[in-house]
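Inside the fold
The chain contents come next:
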Amino acid sequence: MYDIIIAGAGLYGAVIAYEAKKKGLKCLVVEKRDHTGGNIYCKKMNGINVHYYGAHIFHTSNEKVWKYVNQFVQFNHYVNSPIANYKGELYNLPFNMNTFYQLWKVKAPKEAKQKIEEQRQVFKEHEPANLEEMALSLVGKDIYFKLIKGYTEKQWGKPATEIPAFIIKRLPLRFTFDNNYFNDPYQGIPIGGYNTLIDELLKDTEVRLNTDFLKEKENYISQSKKVIYTGEIDRYFDYCFGRLEYRSLEFDHQLMKGCSNYQGNAVINYTEKEVPYTRILEHKHFEFGQQADTVVTKEYSVDYKEKTDPYYPINDQKNNELYTRYDELAKSHPKLHFGGRLGSYKYYNMDQVIESALNDSTTLLNNLQ
Ligand code: UDP
């Protein structure tokens, strides 16, 4: 008999497992893949930590979360400053004075603001109702058409008019020469890679890899006082109310022997629709690597199908309403708890995952002691 069984060895599950261990609880983690870490897992290729399921840059404003992760691993001073390539022209991201200079040759914040003001679409009748309207009202048409529309439509596989407005608010807009993609005061990549963080969290916890929880769900439930499920909530309930939508990704990882520096930056976004991938990652730059070789990854956004992994929840109204029905159903199973990006169906960043795991663990685990 276990106190707690956790389905999924990603960040959420690993934090809960660590908190359970701290309280002396008997915990089992069951993981479908052949490794722990969920999507923050890194694969070592020629000495380079390859972000195997896409770029993960840790950033947070939450001091508690920052202190928490720093117990397990130190962070380097990587600052995410992606570049956008639009039809062969390069622009700094996020939208800042460097970008405005590259677009319009304006040098002063006042000139940049004026330029955006001329181009902004003002919505007087209603609040911007979708990503296109929100972007046009915030940054105007040049930035929207060159740096947002193509990328967004590739990433989400639908017109920007059908994408929730909140997503574009993830990107800062600032009138200083500052290419830092995030506004958060704490940022970096774990020294030694993300696996170090996960290994520390899961140290001394029983983990079963290559094991699909759902195939023996009733068995696990009968063996434990509490069950945490971090996979897709609709899948857990056999899609009884219908399927939630997700967006999936495919990665083309390429080891380039003898090439020490392919693109000079960790992340380059390709913002025009015609280029089939959304971005190219060069992993060594996350850790200032000096290896003789490099590994680059082309990231493709694809439809979510049965055989692909779900990466992004589609938090539009329709899906959020459907999620609420699953959430209500989950509440009628007191032994069960759902968490993480997939279990909560939320576009969480890593720090939000940790924050929610810490909050949840207080109530979940106290009752088990
Ligand atoms: N985005 C964009 N152009 C870019 C990068 C991002 O228009 O070059 C928009 C796009 O709509 C995307 C959103 O900003 O879905 C959020 O981007 P973020 O980098 O946060 O996405 P993630 O890293 O989570 O994939």
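Residues numbered from 1 in each chain as written. Predicted model: local features only at pLDDT ≥ 70, side-chain atom pairs only at ≥ 80, totals over all residues. Heavy atoms only, no water.

1. A look at the packing of helix 1 (residues 11-22) against helix 12 (residues 350-366)
- Direction vectors running N to C along helix 1 and helix 12 enclose 40°, while the axes themselves pass 9 Å from each other. Considering the relative orientation of helix 1 and helix 12, their crossing is right-handed. Residue-level contacts link L11, Y12, V15, I16, E19 and A20 of helix 1 to M350, V353, I354, S356, A357, L358, D360, S361, L364 and L365 of helix 12.
- A per-class count over the contact of helix 1 with helix 12 returns twelve nonpolar, two polar and two charged. (Axes fitted to C-alpha atoms, helices over the stretch in contact; angles between N-to-C directions. Helix = DSSP H or I, 4+ residues; strand = E, 2+ residues; numbered from the N terminus. Left-handed = near helix turned anticlockwise from the far one by under 90°. Contact = heavy atoms within 4.5 Å. Nonpolar A, V, L, I, M, F, W, Y, C, P; charged D, E, K, R; others polar.)

2. Details of the pattern of salt bridges
- Enumeration according to the criterion identifies 16 salt bridges in this entry.
- The residue D309 makes a salt bridge to R33 at a minimum N-O spacing of 3.0 Å. Taken together, the positions of D309 in the loop between strand 14 (294-303) and strand 15 (312-313) and R33 in the loop between strand 2 (27-30) and strand 3 (42-45) put the pair 276 residues apart, joining distant regions of the chain.
- D309 sits in the partly exposed class, given a relative accessible area of 31%.
- On the basis of relative accessibility, which here comes to 18%, the residue R33 falls in the buried class.
- Counted as one network, the salt bridges with shared partners bring together K149, E153 and K273. (Salt bridge = Lys/Arg side-chain N within 4 Å of Asp/Glu carboxyl O. Buried < 20%, exposed > 50% of the residue type's maximum accessible area, 1.4 Å probe, protein only.)

3. Concerning the pairing of strand 14
- Of all ten residues in strand 14, seven are buried, a share of seventy percent or more.
- Pairing between strand 11 (residues 246-256) and strand 14: ten bridges, direction antiparallel. By the bridge assignment, F251 is partnered in strand 14 with E299.
- Across four bridges, the pairing between strand 13 (residues 279-282) and strand 14 is antiparallel. By the bridge assignment, L281 is partnered in strand 14 with T297. (Pairing = 2+ DSSP bridges.)

4. Section: the site of the ligand
- The ligand sits among 18 residues. The nearest are T152, R170, Y181, Y312 and Y347.
- R170 places a side-chain nitrogen or oxygen 2.7 Å from an oxygen atom of the ligand.
- Contact distances for the ligand include 2.5 Å between an oxygen atom and a side-chain N or O atom of Y347.
- Relative to its unbound accessible area of 530 Å², the ligand is 93% covered by the protein chains.
- Ranked by the residues each element gives to the shell around the ligand, the list is headed by helix 6 (residues 141-156), at six residues.
- Considering only residue class, the shell around the ligand consists of twelve nonpolar, four polar and two charged. (Near = heavy atom within 4 Å. Polar contact = N/O pair within 3.5 Å; in protein donor to acceptor, adjacent residues only side chain to side chain. Areas by Shrake-Rupley, 256 points an atom, 1.4 Å probe, with all protein chains shown as cover.)

5. So, the packing of aromatic side chains
- If you walk through the whole model with that rule in mind, you get 33 aromatic pairs.
- Ring centres of Y68 and F72 lie 5.3 Å apart, and the angle between their planes is 75°; on these two criteria the pair is classed as edge-to-face. Taken as a pair, Y68 and F72 share a single burial class, namely buried.
- Residues F213 and Y229 carry aromatic rings whose centres are separated by 5.7 Å and whose planes lie at 50° to one another, so their mutual orientation is tilted. (Phe/Tyr/Trp six-rings, centres within 6.5 Å; stacked < 30°, edge-to-face > 60°.)

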